[in-house]
Amino acid sequence: MTHWIGVAHRKHALIGRAQGFCAFSHGKEAAVRRLSPGDFFVYYAPREDFDGPAVQAFVALGQVAEGDPAPMAMPGTDFTPFARPARYEAVAELPVRPLLDELSFVRSPRHWGMAFRRALFEVSAEDFARIATPMRAGA
């Protein structure tokens, strides 16, 4: 089992949660193929949408379900990313800033945004727990 962070606008992450799928890296098939059934992921949202206000929080937490990647229409958008089925947990959103000193993938808290420039990246089980535990507790 692997743990991942996907970076997406809050609006897109919440559509995926509502529809029961996950997509990463602007809907690229190669990105979603990196994940396997049973892998956990959390979405970090820098913004509400492309032109919206800053969010800077972890907004959804899920686990990849069985099923192959396939194009999946996102209701309310003209975007059809490659996605795979996912099960989501009921969690509270979690601001990123209070965690910056605790996450090993943030090399410099002063330049913390660099860690989230990647659309999809693997994290340790410990870092995932530092994010997931307060998200689950706040639900």
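Residues numbered from 1 in each chain as written. Predicted model: local features only at pLDDT ≥ 70, side-chain atom pairs only at ≥ 80, totals over all residues. Heavy atoms only, no water.

(A) How the structure looks around the pattern of salt bridges. Counting across every chain of the model gives 5 salt bridges. For the salt bridge of Arg10 with Glu48, the shortest nitrogen-to-oxygen distance reads 3.4 Å. One end of the pair, Arg10, is in helix H1 (residues 10-19); the other, Glu48, is in the loop between strand S3 (40-47) and strand S4 (54-64), with 38 residues separating them in the sequence. By relative accessible area, Arg10 is classed as partly exposed at 22%. By relative accessible area, which is 24% here, Glu48 ends up partly exposed. The salt bridge partner of Glu29 is Arg33, with a shortest N-O separation of 3.0 Å. Linking Glu29 with Arg33, this pair stays in helix H2 (residues 29-33), spanning 4 residues, or about one helical turn. Assessed through its relative accessible area of 31%, Glu29 is described here as partly exposed. Within this structure, Arg10, Glu48 and Glu93 form a network of salt bridges that share partners. (Salt bridge = Lys/Arg side-chain N within 4 Å of Asp/Glu carboxyl O. Helix = DSSP H or I, 4+ residues; strand = E, 2+ residues; numbered from the N terminus. Buried < 20%, exposed > 50% of the residue type's maximum accessible area, 1.4 Å probe, protein only.)

(B) Focus on helix H3 (residues 125-137). Over its 13 residues, H3 extends 17 Å from the first C-alpha to the last, a length consistent with the 18 Å expected when each residue adds 1.5 Å. Of the positions making up H3, those classed as buried are Asp127, Phe128, Ile131, Ala132 and Met135. Structurally, H3 contributes buried residues whose contacts are with strand S1 (3-7), S3, S4, strand S7 (94-95) and strand S8 (120-123). (Expected span 1.5 Å × (residues − 1). Contact = heavy atoms within 4.5 Å.)

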